[in-house]
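# Topology and contacts: notes
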Amino acid sequence: MRENDIVFFNIHRRYLDHMPNFDGFLGIYLLAAFVNENGYMGQTYAGSLHRSMELLDELCTKQKTAMIGLYCDYANVTENQFVSRYVKERYGIPVIVGGPQATSLDEVFFKEARCDAVVYHEGELTVLELMDCLLDGTGRLEDIKGIAYWQTDEVKTTTPRPVIENLDALPFVDEDCYLLPQKNRRYLCIMTGRGCPFHCAFCYEGRSSGKVRFRSVGNVLEEIDRFLEEVPREVEPYILFTDDTFTLDEKRVHRLCEGLKERQEKRHFHWFCEGHVHTLKLHPDMIKDIAAAGALRIQLGIESGVPRVLEAYRKHTTPEEIKEIVAACREAGIKQIYGNIILGSAFFSREIYEQDLAFGKELLEWGQGALELNVVCYWPLPKTSITKEPEKYGIQIVDYDFYTSAEDFPQTETEEMSRWEILRLAQHMEKEFAAKRKEMLLEGRVPLEQILSWYPRENTVKAYGLWYQTLQQMPNLYAYGQMLAVREGMTGREAKSYGREVHPMRVLSLQRHLQFFEGGQCGINGTVLSELEVQILLLSTGRTNCQWIYKYLKAKNMLHRYEEMQAALERLEKAYLIVYSRESVFNRSL
């Protein structure tokens with residue numbers, strides 16, 4: 001470890017045996033880059049509480065840092081209280097706290113944490129002045145804009161700091177910003193703008209972010225170029241555009257996508273962005289631009305399929321628009337579309353639930369395997385419209401402080417439903433969506449190309465989610481797709497041109513999966529097989545071709561015409577039990 005003036009930490013407990021995904025938590029890395037460019041030394045670490053405490057002790061005992069910064073969101077307030085107090089009492093160095101939860105931290109937090117200051121909103125200039133004050137003794141806390149601090153038994157708040165207008169002036173995050181070396185780096189999280197004009201009733205960002213400002217397209221592409229140069233050629237890079245307003249300006253999106261397309265010609269990479277449904281409806285060419293530039297995944301603000309609820313959320317969209325945009329993204333070639341249905345929020349009732357459930361199922365059909373629809377319960381994020389006045393939205397917030405929830409338990413209730421009842425509905429919706437995914441897969445309503453896109457590939461970021469989880473629970477289809485995905489097998493349609501020379505291969509182990517029923521019949525995973533189908537499956541090891549199998553079975557009087565075997569092979573493939581070896585492709589080339 002090098003010597004630093006400040007080290008920033010984003011610390012979360014390992015809730016539910018699951019660590020949060022830190023992709024997108026850009027703020028503290030940007031702060032490290034900024035202080036590094038302005039005369040100080042700063043680095044960043046994001047990870048578990050236990051590992052963070054080990055690193056903190058090492059830094060402080062070896063005097064490798066003079067100051068600590070802590071990132072605070074709705075989920076890690078108690079972690080920050082504990083860590084701040086620990087550092088202050090044990091090492092006596094300055095501690096500052098910032099992040100999206102900062103503006104809601106009250107005197108209880110200050111008393112428990114004993115931190116020196118809390119930074120509100122954008123932190124670059126504020127942190128720099130705090131370092132001047134707390135490390136060099138320059139200036140006074142009360143003169144620093146955009147902070148809160150504890151003095152004479154109360155929280156003092158200073159004048160808000162104006163936002164940074166010229167985002168191009170901010171430095172890029174580089175390796176020097178990381179406390180620990182990044183191994184096999186393939187991700188770039190990048191924010192192309194700040195601010196949000198939409199003011200959704202449940203969202204923190206629109207409430208607090210101020211005016212919208214964008215980086216120039218050239219500045220964004222320069223950062224991407226630097227990243228692509230650093231990633232080894234054998235690794236496929238992944239870029240995450242994390243701003244909420246990525247699709248706000250269609251002309252800017254077009255210019256950026258043109259730049260991404262140029263870079264795709266030199267080196268393939270995947271990328272993600274967020275999209276606003278109504279903006280995409282107004283400017284549908286943006287979807288085509290995003291898809292043409294190689295976007296793998298887009299997140300849409302779906303939230304509900306009930307017009308009254310969407311209006312309460314101030315989403316400025318309709319269920320019909322949502323369906324149209326999901327279909328447009330899929331048709332354009334975006335392989336993954338992500339969205340949420342929120343339960344336990346505005347005007348929640350049994351009727352609202354049933355409408356959202358029906359809408360979600362319909363939306364999955366529109367997505368044809370591209371849409372991943374998640375179920376979440378409302379989170380009372382600080383100072384949002386719903387959190388401030390829940391009664392106007394027909395709900396009661398019973399856990400403002402996330403003491404009972406790790407994003408796994410409702411924090412609201414209504415006059416007719418308790419938290420437990422809302423939980424049961426969330427579980428029911430998840431099961432219904434899973435059943436819908438399985439039904440669509442079994443009945444062939446998801447294109448095979450889409451299914452094959454879910455399988456992980458070497459040196460490539462994962463390209464799967466809930467659909468892939470459902471697929472893994474379907475042994476026949478999963479194994480069938482796996483044989484095709486790794487290019488070991490081909491479909492019957494592809495094999496048709498090779499005639500009787502193709503070699504059929506079963507995709508599952510008979511020892512593990514063959515079932516025996518009363519009356520002497522056999523089957524696999526619920527599919528009952530005829531005696532002829534069992535014999536063909538038995539001979540489908542890839543070692544013999546269709547002509548050989550036909551002659552063998554004909555000699556045993558199990559069939560008389562080749563068409564009988566062909567029909568049986570088609571039934572076996574329809575049950576996802578066989579593929580055809582690509583050996584035929586090479587045989588023809590001899």
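Here the structure is shown first, and the text comes after it.
Rules of the game
Residues numbered from 1 in each chain as written. Predicted model: local features only at pLDDT ≥ 70, side-chain atom pairs only at ≥ 80, totals over all residues. Heavy atoms only, no water. Helix = DSSP H or I, 4+ residues; strand = E, 2+ residues; numbered from the N terminus. Buried < 20%, exposed > 50% of the residue type's maximum accessible area, 1.4 Å probe, protein only. Contact = heavy atoms within 4.5 Å. Areas by Shrake-Rupley, 256 points an atom, 1.4 Å probe, with all protein chains shown as cover. Lys, Arg positive; Asp, Glu negative; His and termini not counted. Charge placed at Lys NZ, Arg CZ, Asp CG, Glu CD. Polar contact = N/O pair within 3.5 Å; in protein donor to acceptor, adjacent residues only side chain to side chain. Core = buried A, V, L, I, M, F, W, Y, C linked by side-chain atoms within 4.5 Å. Salt bridge = Lys/Arg side-chain N within 4 Å of Asp/Glu carboxyl O. Axes fitted to C-alpha atoms, helices over the stretch in contact; angles between N-to-C directions. Parallel < 35°, antiparallel > 145°, perpendicular 65-115°, else oblique. Nonpolar A, V, L, I, M, F, W, Y, C, P; charged D, E, K, R; others polar. Phe/Tyr/Trp six-rings, centres within 6.5 Å; stacked < 30°, edge-to-face > 60°. Lys NZ or Arg CZ within 6 Å of the ring centre and 35° of its normal. Expected span 1.5 Å × (residues − 1). Pairing = 2+ DSSP bridges. Left-handed = near helix turned anticlockwise from the far one by under 90°.

This brings us to the overall build of the protein chain. In terms of regular secondary structure, the protein chain is built from 24 helices and 23 strands. Considering only C-alpha atoms, the protein chain reaches an extent of 100 × 60 × 50 Å along its principal axes. Evaluated residue by residue, the protein chain yields a buried proportion of 54% over its 590 residues. Pairs at least 24 residues apart make up 72% of the contacts formed inside the protein chain by residues separated by at least 6 positions. Accessible surface, the protein chain as shown: approximately 27600 Å² in total, 48% of it carbon and sulfur. Across the protein chain, 70 positive and 86 negative side-chain charges occur, with their mean positions spaced 6 Å apart.

Let's shift gears to the side chain of Ser 405. Here Ser 405 is to be found in the loop between strand 16 (396–397) and strand 17 (412–413). A distance of 3.1 Å separates the side chain of Ser 405 from the backbone nitrogen of Glu 407, its partner in a polar contact. Reaching out from Ser 405, the side chain makes a polar contact with the backbone oxygen of Phe 409 at a distance of 3.0 Å. Apart from the residues lying within four places of it in its own chain, the contact partners of Ser 405 are Asp 399 and Gln 411.

Turning our attention to the nonpolar core. Membership of the largest hydrophobic core comes to 122 residues, with the highest contact counts inside it found for Ile 224, Phe 241 and Trp 271. Here the element with the most residues in this core is helix 15 (residues 419–442); it accounts for 7 residues. What Phe 241 contacts, discounting residues up to four positions off in sequence, is Ile 190, Thr 192, Val 220, Ile 224, Phe 246, Leu 256, Leu 260, Trp 271, Phe 272, Cys 273 and Glu 274. Judged by nonpolar contacts, the second largest core, of 38 residues, contains Ile 144, Cys 189, Leu 240 and Phe 272.

Now for the side chain of Arg 267. Residue position: Arg 267 is located in the loop between helix 8 (250–266) and strand 12 (270–275). Look at Arg 267: it is buried, it has no salt bridge, and the nearest opposite charge is Glu 234 at 6.8 Å. At a separation of 2.8 Å, a polar atom in the side chain of Arg 267 contacts the main-chain carbonyl oxygen of Leu 228. Engagement of the side chain of Arg 267 in a polar contact is seen with the backbone oxygen of Val 235, the distance being 2.8 Å.

Contact pair helix 21 (residues 531–539) / helix 23 (residues 562–574): the axes reach a minimum separation of 10 Å and the direction vectors enclose 80 degrees. One element, helix 21, and the other, helix 23, form an angle in the roughly perpendicular class. Across the interface between the two elements, Leu 532, Glu 533, Ile 536 and Leu 537 of helix 21 pack against Glu 564, Met 565, Ala 568, Leu 569, Arg 571 and Leu 572 of helix 23. Across the contact of helix 21 with helix 23, the residue classes break down as 7 nonpolar, no polar and 3 charged.

Turning our attention to the packing of aromatic side chains. Following the criterion strictly, the structure yields 21 aromatic pairs and no others. An angle of 70 degrees between the planes, with centres 6.2 Å apart, marks the rings of Tyr 86 and Tyr 91 as edge-to-face. Of the residues examined, Tyr 86 reaches a relative accessible area of 18% and is grouped as buried. One aromatic cluster is present, formed by Tyr 74, Trp 379 and Phe 402 through successive ring pairs. Over the aromatic face of Phe 347 sits the side chain of Arg 308, whose NZ or CZ is 3.8 Å from the ring centroid. Above the ring of Tyr 562, the side-chain terminus of Arg 500 is found at 3.9 Å from the ring centroid.

This next bit is on helix 15. Its 24 residues give helix 15 an end-to-end C-alpha distance of 35 Å, which sits within 8% of 34 Å, the value for a rise of 1.5 Å per residue. Of all the positions in helix 15, only Arg 419, Ile 422, Leu 423, Leu 425, Ala 426, Met 429, Phe 433, Lys 436, Arg 437, Met 440 and Leu 441 are classed as buried. Trailing helix 15 by a residue or two, Gly 444 shows a phi angle of about 70 degrees, which is positive.

Another aspect to go through is unusual backbone geometry. Unusually for a residue other than glycine, Glu 303 sits at a positive phi of about 70 degrees. The exposure class assigned to Glu 303 is buried, which follows from its relative accessible area of 8%. If you check the backbone angles, Phe 347 has positive phi at about 55 degrees while not being a glycine. Position of Phe 347 among the secondary structure elements: in the loop between strand 14 (336–343) and helix 13 (350–367).

Quick look at the pairing of strand 2 (residues 42–48) now. Regular strands have side chains that alternate between both faces of the sheet. A large share of strand 2 lies buried, amounting to 6 of its 7 residues. One ladder, built from 7 bridges, connects strand 1 (residues 6–12) with strand 2; its direction is parallel. In the strand pairing of strand 2, His 12 is matched with Ser 48.

If you trace the 3 strands from one edge of the open sheet to the other, you get 18-23-19, paired in antiparallel fashion. A strand with exactly one partner marks an edge of an open sheet, and here the two such strands are strand 18 (489–490) and strand 19 (504–506). Pairing geometry for strand 19 and strand 23 (residues 578–581), over 3 bridges, is antiparallel. Bridge pairing in strand 23 links Pro 504 to Tyr 580.

Counting buried residues along strand 14, 8 of its 8 residues qualify, which places the element largely inside the surrounding structure. Burial of strand 14 is two-sided: the residues Gln 336, Tyr 338, Asn 340 and Ile 342 facing one way and the residues Ile 337, Gly 339, Ile 341 and Leu 343 facing the other way are all buried. One ladder, built from 3 bridges, connects strand 13 (residues 295–300) with strand 14; its direction is parallel. The residue of strand 14 that forms the bridge with Ile 298 is Ile 337. Both strand 14 and strand 15 (residues 371–377) contribute to a ladder of 7 bridges, which runs parallel.

Helix packing for two helices is described by the angle between their axes and how far apart those axes are. Between helix 12 (residues 319–332) and helix 13, whose axes approach to 8 Å, the crossing angle comes to 25 degrees. Taken together, the axes of helix 12 and helix 13 are roughly parallel relative to one another. Note that helix 12 runs across helix 13; the crossing there is right-handed. In contact with Pro 319, Ile 322, Lys 323, Val 326, Ala 327 and Arg 330 of helix 12, helix 13 contributes Phe 359, Glu 362, Leu 363, Trp 366 and Gly 367. Here the residues of the contact of helix 12 with helix 13 sort into 7 nonpolar, 1 polar and 3 charged.

As a further point, take the pattern of salt bridges. Following the criterion strictly, the structure yields 41 salt bridges and no others. Notably, a salt bridge pairs Glu 175 with Arg 185, separated by 4.0 Å at the nearest N-O pair. Of this pair, Glu 175 sits in the loop between strand 7 (154–157) and strand 8 (187–190) while Arg 185 sits in the loop between strand 7 and strand 8, placing them 10 residues apart in sequence. For Arg 561, the salt bridge is made with Glu 563, and the minimal N-O distance between the two is 3.7 Å. According to the relative accessible area criterion, Arg 561 is partly exposed, its value standing at 48%. Ionic contacts of the salt-bridge type, sharing partners, join the residues Glu 365, Lys 436, Glu 439, Glu 443 and Arg 445 into one network.

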